Amino acid sequence: MATDAILSVRDLSVAYGQTRILDGISLDLEQGEFLALLGRSGCGKTTLLRTIGGFMRPEHGQVRIDGVDVTRLSPEARPTAMVFQSYALWPHMTVFGNIAYGLKLRGVPKPEITRRIDEVLALLRLDGLADRKVTALSGGQRQRVALGRALAVAPRLLLLDEPLSNLDARIRLDLRHEIRDLLKRLGVTAVHVTHDREEAMVMADRLALMNGGQIVQQGAPAELYDRPASSFVADFMGASNIITLDVRHADDGLIVEGPGIAPARISAAAGSCTVGDNCARADIHFRSAQARIEASGAAVDDELSLPGVILQATYPGDSYRYAVQVGHDRFLVDDIRKFSEGEAVRIVLPAGAIHLFPHVDAQSAA
Amino acid sequence: MAQATAFYRTGLIMNASRFSGLLLVAPAVLFIAGLFVYPLSYSFIDAFTVAGDAGTRFSLANFVLAFELYGDDIVFTVLIVGLSAVLIASGAILIGGYITLGTNRFLVNAVRILYRWPLFIPFIVAAQCMRTFLAKNGLMNGVLIEMGMLTPLETTGFLDWRGIVITFVWKQLPFVALLVTGAMASLDRAGIEAARDLGAGRLRILWQIVVPQVMPTLIVALVLSIVTMMSVLSVPVMISGHSPTMMTVQMAFRVNAYHDYGTANALGVISYLITGLVAWIYLRRGVAGKGGEK
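Not measured: the values here are computed from a predicted model.

Caption draft 1: Examining the pattern of salt bridges more closely. Residue and element names in this part refer to chain A. Scanning the entire structure with this criterion turns up 28 salt bridges over all chains. Two residues, Glu178 and Arg144, come together in a salt bridge whose shortest N-O distance is 2.9 Å. Within this pair, whereas Glu178 is found in helix α5 (residues 169–186), its partner Arg144 is found in helix α4 (residues 139–152), the two being separated by 34 residues in sequence. Of the residues examined, Glu178 reaches a relative accessible area of 24% and is grouped as partly exposed. On the basis of relative accessible area, Arg144 is assigned to the buried category, the value being 13%. Arg292 serves as the salt-bridge partner of Glu294, at 2.7 Å between the closest nitrogen and oxygen. With relative accessibility at 28%, the residue Arg292 sits in the partly exposed group.

Caption draft 2: The arrangement of the domain arrangement of chain A in detail. All names here are of chain A. Segmentation of chain A into domains returns domain 1 (5–232) and domain 2 (233–293 + 300–365). Placing the centre of domain 1 and that of domain 2 at their C-alpha centroids yields a distance of 38 Å. Each side of the interface is counted separately: domain 1 has 19 residues, and domain 2 has 14 residues. Taken together, both faces of the contact between domain 1 and domain 2 bury some 1300 Å²; the carbon and sulfur share is 64%. Among the residues domain 1 hides against domain 2, the three largest losses belong to Tyr225, Pro228 and Ser231. Together they make up 42% of the total. Across the contact surface, domain 1 and domain 2 share 1 salt bridge. Of the charged contacts in the structure, one is a salt bridge between Arg40 and Asp235, with a shortest N-O distance of 3.9 Å. Of all the elements in the fold, those that place two or more residues in the side of domain 1 that touches domain 2 are α6 (197–203), β9 (206–211), β10 (214–219), α7 (221–226) and α8 (231–236). Per-element tally for the side of domain 1 that touches domain 2: the top contributor is α7, with 4 residues.

Caption draft 3: Just the sheet that holds strand β8 (residues 190–194) of chain A, in detail. Residues and elements named next belong to chain A. Taken together, the 6 strands give an open sheet; going across it, the order is β6-β7-β8-β3-β9-β10, and neighbouring strands pair in mixed fashion. The sheet terminates laterally at β6 (80–83) and β10, the two strands that pair on one side only. Between one strand axis and the next, the sheet turns by 20° as a mean value, whatever way the strands run. Pairing geometry for β6 and strand β7 (residues 157–161), over 4 bridges, is parallel. If you follow Thr80 over to β7, its bridge partner there is Leu157. Its contacts with the sheet place helix α1 (residues 45–53) against β3 (34–38), β6, β7, β8 and β9, and it is angled at close to 150° to β7. Across the sheet, α5 lies against β3, β7 and β8, angled at about 140° from β3, the strand it touches most.

Caption draft 4: Region of interest: the nonpolar core. Core analysis: the biggest nonpolar cluster contains 144 residues, and Leu7 and Leu158 of chain A have the highest contact counts within it. It is helix α2 (residues 61–101) of chain B that provides the largest number of residues to this core, a total of 15 residues. For Leu7 of chain A, the contacting residues outside a window of four places in its chain are Leu27, Asp28, Leu29, Ile52, Val63, Arg64, Ile65, Leu157 and Val191 of chain A.

Caption draft 5: Focus on the interface of chain A and chain B. Listed per partner, the contact involves 25 residues of chain A and 18 residues of chain B. Taken together, the two surfaces of chain A and chain B that pack against each other cover about 1900 Å², and 58% of this comes from carbon and sulfur. Put simply, chain A and chain B have 2 salt bridges between them. The salt bridge involving Glu76 of chain A is made with Arg196 of chain B; its shortest N-O contact spans 3.2 Å. Our count for the contact surface shared by chain A and chain B stands at 8 residue pairs in polar contact (both at pLDDT 80 or more). Looking at the side of chain A that touches chain B, the elements that each hand over two or more residues are α1, β6 and α2 (95–105) of chain A. Looking at the side of chain A that touches chain B residue by residue, the classes come out as 13 nonpolar, 7 polar and 5 charged.

Caption draft 6: How the structure looks around the pairing of strand β12 (residues 253–258) of chain A. Residues and elements named next belong to chain A. Across the 6 residues of β12, 5 count as buried, placing the element largely inside the fold. Where strand β11 (residues 241–250) meets β12, 5 bridges bridge the pair, whose relative direction is antiparallel. Looking across to β12, one finds that Val247 is bridged to Val256. Count of turn residues in the β11/β12 antiparallel hairpin: 2 residues. Pairing geometry for β12 and strand β13 (residues 261–266), over 4 bridges, is antiparallel. Looking across to β13, one finds that Gly258 is bridged to Ile261. Connecting β12 to the antiparallel partner β13 that follows it, the hairpin turn spans 2 residues, and Gly260 within it adopts a positive phi of roughly 80°.

Caption draft 7: Spatial organisation of the packing of α2 of chain B against helix α6 (residues 161–185) of chain B. All names here are of chain B. Relative to each other, α2 and α6 sit at 40°, their axes nearing to 7 Å. Taken together, the axis directions place α2 and α6 in an arrangement best described as oblique. In this structure, α2 meets α6 at a crossing whose hand is right-handed.

Criteria and thresholds
Residues numbered from 1 in each chain as written. Chains lettered and ligands numbered in written order. Predicted model: local features only at pLDDT ≥ 70, side-chain atom pairs only at ≥ 80, totals over all residues. Heavy atoms only, no water. Salt bridge = Lys/Arg side-chain N within 4 Å of Asp/Glu carboxyl O. Helix = DSSP H or I, 4+ residues; strand = E, 2+ residues; numbered from the N terminus. Buried < 20%, exposed > 50% of the residue type's maximum accessible area, 1.4 Å probe, protein only. Domains from an automatic or database assignment. Contact = heavy atoms within 4.5 Å. Buried area = accessible area lost by both parts, 1.4 Å probe. Pairing = 2+ DSSP bridges. Axes fitted to C-alpha atoms, helices over the stretch in contact; angles between N-to-C directions. Core = buried A, V, L, I, M, F, W, Y, C linked by side-chain atoms within 4.5 Å. Polar contact = N/O pair within 3.5 Å; in protein donor to acceptor, adjacent residues only side chain to side chain. Nonpolar A, V, L, I, M, F, W, Y, C, P; charged D, E, K, R; others polar. Parallel < 35°, antiparallel > 145°, perpendicular 65-115°, else oblique. Left-handed = near helix turned anticlockwise from the far one by under 90°.

Next comes the structure, spelled out in C-alpha cells:
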C-alpha cells in the first residue's frame, strides 16, 4: 500500500442483490493525481465512484482516505465532494446559494464565505452571476457551478461522475481542457468517471479501464493506448479492426499468415503474443488511422498485407475512410489518398500498428 | 374550379370538426352552467338583496346580520381550518420526507401503504368513527386507561374544536401527503445526494432542499384541502354541537330553522371570499415564482 496515497481502495466488492457489480477492485491515488475510471455502460465505474463517495456500501473490501478507513462512513462524513452527471444543482437557490451551501454547513463566517465564493466564481469564469438563479444558466455554466460547489469546500478528493456527458460536443471539448487546467492549478486530487476514451485521455494523468466489475488495465494514457494488455483493452482504446490469423515463431520475430494472406515476417508487435507459444492463432488488432491502403505492389518485410476490395468510400474530414472487405471480414481504414469503390487494394499494416493477442473465440468470450 | 371545390370542401370539413368539437364540450359546459354558475349567481344575488313591500332591493342587511350573529363562528372556522392546514402541511412534509429520505426499507414501505387509507373514507364515516374514538368513554380514553396512562376520573372527551381538527387532519392528511410525496419522488435524487455529500443531515435536507422544491405542490394541495374543509358540514355537526361552531353548521341552521336563505347565502359568500383569498395568495405566489425563474 502506498503510504502517501490520498485514496486507497483494497479488494472492494459491491453487489446489487445477487448481481455482483464490483469484484475485488484495488487502486491507489496520490496527492494531486487525476484518475479516470473508463469503461462501457454497466462495467461498474459509477458504482466504484459512488462507493468511494459513500453512497454505496461494499460487501467487503476497504476504502481509505488519507489513511483513515471510511468504508462504513456516510457521504456527509467523508472528505470528498462529488460533481454529478445531472449537475444536481438546487433550482430554488441562486448560484451563490448553491456554492455557499457547503461552506454554511461548515459554519464558515459570512465575510469568509463571500470572499471564497468570489474566488471560486472568478476561477470558473462565472463573475457577475452570483445572484442569478441556476435555472437561468446555460449547460456549461451550470456544470461550472456544480464544479464550484464541490471545490468551494476544498475536498481532499473530488469525484466527477460523467460531468460532461450532458453538454454539447463543442462545449464538452472546451471544458475538458478547462477542468484539467483548473484542477492541476489547484492541485486537486480527483477521480473522474467517463465512457469517452478521448475525454479520459485528455483529462487524466492515469486511466483505469474497467470491464465486468474489474480493473483490466491501469496506467498512463499513452501506456494503455500503445501497449494494451488484452484484446479488450486494445479494442476499447480504438484498435477495433480485428483479424484472426495463424502465428508461427521464427528466429527473428513472428510469421503471420492466413487463408489468402501471404506469410509476413513481423519483427516486433505489441500485445501478449510476442513471447511464448500460447498463440498459434492470434487476434490482430489495428487502428484505422495506423494502417494504409496500397493499390498494388508486393509486401515488404515487417509489414502485413491484407488483400481486399473497397466496399465504401466516405470523407469524414482530414482523410478518406474506406470500408474494405478482406475474405469474410470487413475493416475500416483511413488514408489521405483517393480510391474508388470496388477497387482491389491491399491494407498494409506496419509492425508498429499491430497488436497481437491469443485468439478469443467470440462464443466462449461471451 | 377544382381548386375552388377543394377549398369549399376543406371549409366544410373544418366547420364539421368545429361543430363536433363544440358538441364534445357542450355537456361539460352545460353541467357547469346548470349546477354551478346558475346556483352560485342565484346565491350571490340572494345574499345581496332583501324582499320588501316594493319588491326585492339591494341591501347589505344579510351580511350585517351574519356578522352580528355569527362573527364568532366565522373566526372559529378560519382558526379551525387554519390550524388544520398547518398540521396537515407538517404531517404531509414529515410523511413525504420519511418516504423520500428514510433508510429503513420495511418502515418506509409500511408508511407508504398505511398513510393512504383514510383517503377512501367519506367525511361522514370519519366523523362517526371519531365520535366513538374521541368521546369521554371512547376508544382512545379506554386504551389510555388500559395502558395505565389515565384513570377513569381523569378522562376528558375531545368532542369539541379539538375533535374537528383531529378529524380534518386525519381525513385530509393522506390527500396532501399523496401529492407531496409524489412531488418529492419526482425530484432529482442527485440533488439530495449532493446535499448529503456536502455534509447536510436528513432534517436539513428535508427543510432546505426538498421542501422548497415541492412548495408549489404543497400549496396547491393545501388550497384544495382548505376548500374541502370549509365546505364540510357533517364533521362539525357530528363532532361538536357547541357554539361557536363552523359556518356550514350555521348556514344549515338558518335554512332549516328559519328558512332564512338570505343570511345563509351571505355566510356562503363570506366563506367563498375566504377560500378565494387563499387561492389568490396561491396564484400570486405562482406568478412570482415564474417571474423569478426567468
